[in-house]
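# Coordinate analysis (summary)
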Amino acid sequence: MMAVRNLLADIPPGTEKEIVEEILRAESFRIERIVSRGQNSPEGLWYDQQTEEWVLLVSGSATLGFDDGRMVDLRPGDHLFIPSHCRHRVERTDPEQETVWLAVHWTHKS
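Residues numbered from 1 in each chain as written. Predicted model: local features only at pLDDT ≥ 70, side-chain atom pairs only at ≥ 80, totals over all residues. Heavy atoms only, no water.

### With respect to the sheet that holds strand S8 (residues 99-106)
Applied cut-off: Pairing between two strands is assigned when DSSP locates at least 2 bridges connecting them. Going along the chain from the N terminus, every DSSP run of H or I of four or more residues is numbered as a helix, and every run of E of two or more is numbered as a strand. Here an axis means a line fitted to C-alpha atoms, over the contact stretch when the element is a helix, while the angle between two N-to-C directions is reported on a 0 to 180 degree scale.
Spatially, 5 strands are ordered S1-S2-S8-S3-S6 in an open sheet, and the strand pairing comes out antiparallel. Strands with a single pairing partner mark the edges of an open sheet, and in this sheet they are strand S1 (19-25) and strand S6 (79-82). For this sheet, the mean angle separating the axes of adjacent strands, direction not counted, is 20°.

Below you can see the structure in the form of structure tokens.
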């Protein structure tokens with residue numbers, strides 16, 4: 001039997017650390033739920049991923065920074081494609097409520 005789950009359910013209140021939960025994985029992709037509350041990337045840390053990433057902001061708010069100087073503010077419903085090796089970081093997430101992300105990472109098979 002298939003289980004129905006909710007992205008906004010079972011979120012521990014007021015956690016100090018960001019929560020990354022793998023929802024689904026296959027050979028060439030993975031889907032994660034990420035829950036943030038006021039967290040951001042440590043100073044000087046840039047994500048430089050080998051995978052492509054598509055991210056959807058489900059709730060809360062956030063700002064992503066890119067190494068070309070762009071800042072992208074995200075609100076619920078906003079989604080963004082981040083190509084592999086596009087250096088980026090989380091500048092800000094909402095400190096007053098949970099920010100819930102749905103992230104899909106994949107690689108192209110040769």
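### Brief notes about the sheet that holds strand S7 (residues 88-93)
What the 3 strands build is an open sheet, ordered S5-S4-S7; its pairing is antiparallel. Edge strands, defined here as strands with exactly one partner in the open sheet, are strand S5 (71-74) and S7. Each strand axis lies, on average, 25° off the axis of its neighbour in the sheet, ignoring direction. Note: strand S4 (residues 62-66) against S7, 5 bridges, orientation antiparallel.

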